[in-house]
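Topology and contacts: notes
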Amino acid sequence: MSSDRKILTVTRPSLPPFEDMVGLLREIWDSGWLTNGGPFHERLEAALADYLGVKHISLFSNGTIGLITALQALEIEGEVITTPFSFVATTHSLLWKRLTPRFVDIDPRTMNLDPERIRAAITPSTTAIMAVHCYGRPCDLSAIESVAREYGLKVIYDAAHAFGVRLADDNLFDHGDLSVLSFHATKVFNTFEGGAIVSPDADMKRRVDQLKNFGFVDDVTVVAAGINGKMNEFSAALGLLQLRDIDAMIERRAEIDAHYREGLRDVAGIELTGPSQAARPNHSYFPILVGPDFPLSRDALYKRLRDNDVFARRYFYPLISTFGMYKDLPSAAPANLPEATRIASQVICLPIYPMLTADEVDRVIAVITEAARA
Ligand SMILES: *Cc1c(COP(=O)(O)O)cnc(C)c1O
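Described in the following lines is the structure provided in the data block. Every chain is numbered on its own, with residues counted from 1 as its sequence reads. Confidence filtering applies because this is a predicted model: local features only for residues at pLDDT of at least 70, side-chain atom pairs given and counted only at 80 or more, and all residues used for totals across whole chains, interfaces and linings. Only hydrogens and water are removed before side-chain values are computed, so all heavy atoms of the structure are retained for them.

Here the focus is the nonpolar core. Nonpolar side chains in soluble globular proteins tend to end up buried together. We call a set of buried residues a nonpolar core when its members are Ala, Val, Leu, Ile, Met, Phe, Trp, Tyr or Cys and they connect through side-chain atoms within 4.5 Å of each other. For each residue, the accessible area found with a 1.4 Å probe, counting protein chains only, is set against the maximum for its type, and the residue is called buried under 20%, exposed over 50%, and partly exposed in between. Within the largest apolar cluster, 51 residues are counted, with the highest numbers of intra-cluster contacts made by Leu48, Ile57, Ile129, Phe163, Leu181 and Phe183. The domain boundaries here were taken from an automatic or database domain assignment. Structurally, this core is a two-domain feature, drawing no fewer than three residues from each of domain 1 (18-244) and domain 2 (246-372). Any two residues having at least one pair of non-hydrogen atoms within 4.5 Å are treated as being in contact. When sequence neighbours within four positions are dropped, the list of residues in contact with phenylalanine 163 reads Leu48, Tyr51, Leu52, Leu181, Phe183, Val188, Phe189, Leu243, Ile246, Ile250 and Asn282. In this structure, Tyr302, Ala312, Leu356 and Val361 belong to the second largest nonpolar core, which totals 28 residues.

In structure tokens form, the structure reads like this:
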């Protein structure tokens, strides 16, 4: 192993040219307006509404505060149906609001909540569904919505992975009562830290905007126990620059996705998941499943990759439902979550980010194909 070989990680944030940021920093310094709905905040909000094709969007300091605020805005109580196959913030947001998560198994094809299993898990205490567009692959929107309508449940989509995903004749963000995005450094679109909530109408956006600003409606009136979820001017300015190149970045991700699919297509025991059903996927992740007929276990392949300076990640392992604060919930029992449990034990997310070169993708493919020959 050569010591000068670059370490590949699962994701690497993309950044705009430094010089472009300098000019925007100058503007922030000159105006002295650092946060609280400043000019860059307003510009980014408008630009994102336009780019995502939505009318009402509120910027946040991060996605997790966005999820908690969404639950507060909709006044969710009792039990919330959710997926164990996600990043832990999804379920933690429920605990912060003292809600009871009820884990439901995923559909192994989409890796998202299985609508039939949602139906079977509804109890008189169920008030909402918190679904995740895992890896940016859309949930079964119509099936989830018909269950929700039938039982009078609210739907919150954790769309942290779904920035830029487009459907053929529909908009992903027009679904559910609220959608929450994350602009964390590891996501397809980033503002270092950041996030957003998409609201269906102006009244809901107003409520969300109040809640992210301590519950203030004007200088002297506070109507709810809001939080500080505001995005600052630095992050908003950075976001405007990131947005300029976002389509090219997603296009580059699509090329890497295609390159992996070509290179790994015939490797026995490796299942290439997807592809996404979206008309324009965002290729935020490249998850593969290491099946029982691959010569190495998932963990052995994961280690083999690391030994070759490829730091892939086992997203999402361990399942959220196995963590100490959740594992004693009846719905957390592995027998209730067979598909999620199996997939968590087989999944590896390979490096995918715009700066990854074709040679580097070949290097990852070579490690896996050589392991397959063992
Ligand atoms: C990243 C992520 C979050 C949290 O977003 P932050 O901006 O890091 O707080 C929530 N849910 C999912 C599925 C995520 O991947």
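On to the site of the ligand, then. Residue proximity to a molecule or strand is established when one non-hydrogen atom of the residue lies within 4 Å of it. Residues in close proximity to the ligand total 14 residues, the closest being Thr64, Asp158, His161, Ser182 and Lys187. As used in this structure description, the phrase polar contact means that two N or O atoms lie within 3.5 Å; if the pair is within protein, one of them must be able to donate a hydrogen and the other to accept it, and residues adjacent in sequence are counted only when both atoms belong to side chains. The contact in question runs from an oxygen atom of the ligand to an N or O atom on the side chain of threonine 64, over 2.6 Å. A distance of 3.2 Å separates an oxygen atom of the ligand from a polar side-chain atom of lysine 187. Its free accessible area being 380 Å², the ligand has 93% of it covered by the protein chains. In these tables, accessible area is a Shrake-Rupley quantity obtained with a 1.4 Å probe, and a residue counts as shielded only by the protein chains included in the view.

Let us now look at the pattern of salt bridges. Only one rule defines a salt bridge in this text: a Lys or Arg side-chain nitrogen within 4 Å of an Asp or Glu carboxyl oxygen. Tallying each qualifying case throughout the model produces 23 salt bridges. Glutamate 116 is the partner of arginine 119 in a salt bridge, and the nearest nitrogen-oxygen pair spans 3.9 Å. With a gap of three residues between them, arginine 119 and glutamate 116 both fall in helix α5 (residues 115-121), about one helical turn apart. Judged by its relative accessible area of 54%, glutamate 116 falls in the exposed class. Taking the shortest distance from any N to any O, the salt bridge between arginine 280 and aspartate 247 comes out at 3.1 Å. Here arginine 280, found in the loop between β11 (270-272) and β12 (286-290), pairs with aspartate 247, found in helix α9 (residues 246-264); they are 33 residues apart in sequence, far enough to count as distant. Judged by relative accessible area, which is 37%, aspartate 247 ranks as partly exposed. Through salt bridges with shared partners, a single ionic network connects Glu45, Lys205, Asp209 and Lys212. Helix numbering and strand numbering both begin at the N terminus, where a helix is a DSSP run of H or I of at least 4 residues and a strand a DSSP run of E of at least 2.

The next thing to look at is the environment of threonine 110. The residue threonine 110 is located in the loop between β4 (100-103) and α5 in this model. With 41 residues separating them in the primary sequence, threonine 110 and threonine 69 have C-alpha atoms 27 Å apart. Side-chain polar atoms of threonine 110 contact the backbone nitrogen of asparagine 112, separated by 3.1 Å.

Such coordinate-based values are descriptive only and should not be taken to indicate function.
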